[in-house]
Amino acid sequence: MRRWGRRHGGLADPVAPGAGRATGSIGEVTSPPVRVRFAPAPTGYLHIGGARTALFNWLFARQQGGELKLRIEDTDAERSRRELIEIIYRTLEWLGIDWDGEAVHQSDRTHLYTGAVERLLESGAAYRCDCTPEQVQARAAGRGGKPGYDGHCRERQVRPGEGVVARFRVPDEGVTAFDDVIRGHISFENADLEDFVILRSNGVPMFHVANAVDDADMGITHIIRGEDLINVTPRVLLLRQALGITELPVFAHLPLIVNEKRQKLSKRRDDVSVGDYIDRGYLPEAMVNYLATLGWGAPDGVEIRPLPEIVELFRLEDVGSSGAFFDLKKLDHFNATYIRALTTDEFVNRSTRWLFGEAPWPAERFDAKAFEALAPLVQQRVEVLSQVPGYVDFVFLAEPVVDEASWEKVMVKGAESAAAMLDAIIDAYGTCDWDADALMEAIKVEGERLALPRKQWQAPVRVAVTGRSVGPPLGESLVVLGRERTLERLRAARSRL
């Protein structure tokens, strides 16, 4: 099996801080075993980009026979409530992304991070700083040029106290570089990197310190994450080097997920929460399959395929570097394809949430047998499960919900032909056999007798009975509704005309 060499992405010269460069090549290795991590912060939801990152980590780990570790970045106590962490668990479980071993909580490991900061301070790799943000900005404005911190406190011997942070001392010269599986060689001039904060004034370590410590402690061999974190990577590399961590992971920065305007997905503009898609009735297997195509494609070009095949075909080096367009219409196509592939029983079971707790009808009016009769027909028409009630609500509501646009088009603009058709069908349905073929034959006979265009035969009947101009096949719908209720609605519509 082809694997990435473990030095790919590492610093070549650990004794020259900041001057090293990442080198390496693709080769056959047998140890250490591949170990990747997904490290979300509990923000209240798992976004699409995070779900794609989790999936690509999972795919790579499973394809390589390795491990996926889940690490919760919950050092911010105010934002890391238990219920927010549970959302991450539930979303990953819905997606079918499992992890190996117990989840690691950074809130349980703060002593490791503060200990690392103390070692950096003792070695001179870090120092304390009491500059306020306003002072930093004022000095930057005064000197002109690039904004940012200027190393003002490097030699001031600031003592611990209120408002004091710890900063890492970035080397003045040299470069910090690494080779990225997806993006190739990436380097940063150390002169362009400011001395960054590693310990906040409230005593909480910054996340890049926690990541540097945890990735080494957990034996992470590959770091697969979004390209928006590329600029964080030199900080982590410098920290690891200063802490004496010589084994460095392979880096792979995934392309950003963008909207139709090629803008990064944003919660202000776009639907980014996976929970929103769960609520709309997307199937997890469809969502996972679609997410796998965002930046990666199988060699044969087939996109919709079983997950085991995706695992077998997935290669990290095949991931592209260009932004991946999150196309909602394409996701709908994927989801509709997976819905069609369900058995009828599976479709009925998957639709349960929208038939009871979130249904527009009283629970006591729901008839399971009536729904099961229409289920195969509805299954061929919906793109998401939240659409199911709209196809069958006419059966379980006392009166149909009338779509005014459909009424205007069919009943108002075509009032004369609609009235004639309804009169004829009311008479025919009073005595004809009550099966789908007989009901549709009656519509055909009356439409021809009245010399109406074919498109005006069914439309008035459908709108009168269901309230809409689209839905499951009309004949089968009328059979389920029954003769008495059908005639009652036909007469009510005729009266309204």
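If you're wondering where the values come from, they're calculated on a predicted model, not measured in any experiment.

Rules and cut-offs
- Residues numbered from 1 in each chain as written.
- Predicted model: local features only at pLDDT ≥ 70, side-chain atom pairs only at ≥ 80, totals over all residues.
- Heavy atoms only, no water.
- Helix = DSSP H or I, 4+ residues; strand = E, 2+ residues; numbered from the N terminus.
- Polar contact = N/O pair within 3.5 Å; in protein donor to acceptor, adjacent residues only side chain to side chain.
- Expected span 1.5 Å × (residues − 1).
- Buried < 20%, exposed > 50% of the residue type's maximum accessible area, 1.4 Å probe, protein only.
- Contact = heavy atoms within 4.5 Å.
- Axes fitted to C-alpha atoms, helices over the stretch in contact; angles between N-to-C directions.
- Parallel < 35°, antiparallel > 145°, perpendicular 65-115°, else oblique.
- Left-handed = near helix turned anticlockwise from the far one by under 90°.
- Salt bridge = Lys/Arg side-chain N within 4 Å of Asp/Glu carboxyl O.
- Pairing = 2+ DSSP bridges.
- Lys, Arg positive; Asp, Glu negative; His and termini not counted.

1. What to know about the environment of D180
Move 1: Inspection of the secondary structure assignment puts D180 in strand 10 (residues 175-180).
Move 2: Along the backbone, D180 and R139 are 41 residues apart, and their C-alpha atoms lie at a distance of 36 Å.
Move 3: Polar contacts involving the side chain of D180 include one to the side chain of H253, which spans 2.6 Å.

2. A few points about helix 13 (residues 368-379)
Move 1: Between its terminal C-alpha atoms helix 13 stretches 15 Å, which fits the 16 Å expected from 12 residues at 1.5 Å a residue.
Move 2: Residues of helix 13 that are buried: A370, F371, L374, A375, L377, V378 and Q379.
Move 3: The distance from a side-chain oxygen at the start of helix 13 to the backbone nitrogen of K369 is 3.0 Å, and the residue carrying that oxygen is D367.

3. Quick notes on the environment of I443
Move 1: With respect to the secondary-structure elements, I443 resides in helix 17 (residues 436-449).
Move 2: The spatial distance from the C-alpha of I443 to the C-alpha of V479 is 14 Å, given a sequence separation of 36 residues.
Move 3: Once residues lying within four places of it in the same chain are set aside, the contact partners of I443 are M421, I425, Y429, W457, Q458, V461 and L474.

4. Some details on the packing of helix 8 (residues 284-292) against helix 10 (residues 328-341)
A pair of packed helices can be characterised by two numbers: the angle between their axes and the separation between those axes.
Move 1: Interaxial distance between helix 8 and helix 10 falls to 9 Å at its minimum, and their mutual angle equals 135°. Considering their axes alone, helix 8 and helix 10 lie oblique with respect to each other. Read as a crossing pair, helix 8 and helix 10 show a hand that is right-handed. In contact with E285, A286, M287, N289 and Y290 of helix 8, helix 10 contributes K330, L331, F334, N335 and Y338.

5. What about the pattern of salt bridges?
Move 1: Inspection of the entire model under this criterion finds 32 salt bridges.
Move 2: In this structure, R109 engages D217 in a salt bridge whose closest nitrogen and oxygen atoms are separated by 2.7 Å. Here the residue R109 occupies a position in the loop between strand 7 (104-105) and helix 3 (110-123), and D217 occupies one in helix 5 (residues 207-217), the gap between them amounting to 108 residues.
Move 3: The partner of R156 in a salt bridge is D130, and the shortest N-O contact between them spans 2.8 Å. Here D130 lies in the loop between strand 8 (126-129) and helix 4 (133-143) and R156 lies in the loop between helix 4 and strand 9 (165-168), a separation of 26 residues in the sequence.
Move 4: Overall, the relative accessible area of 31% leaves D130 in the partly exposed class.
Move 5: Among the charged side chains, a salt-bridge network with shared partners connects R37, R71, R109, D214, D215 and D217.

6. Considering the sheet that holds strand 9
Move 1: Pairing is antiparallel across the open sheet formed by 3 strands, whose spatial order is 8-9-12. Where the open sheet ends on each side, the last strands, each with one partner, are strand 8 and strand 12 (197-199). Direction aside, neighbouring strands of the sheet carry axes that sit 45° apart on average.

7. As for the side chain of R52
Move 1: Structurally, the position occupied by R52 is in helix 1 (residues 48-63).
Move 2: The charged side chain of R52 is buried without a salt bridge, its nearest counter-charge being D228 at 7.6 Å.
Move 3: Polar contacts involving the side chain of R52 include one to the main-chain carbonyl oxygen of L294, which spans 2.6 Å.
Move 4: Those residues in contact with R52 that lie beyond four places of it in its chain are L254, P255, L256, I257, L291, L294 and A324.

It is worth stressing that arrangement in space is one thing and function is another; only the former is reported here.
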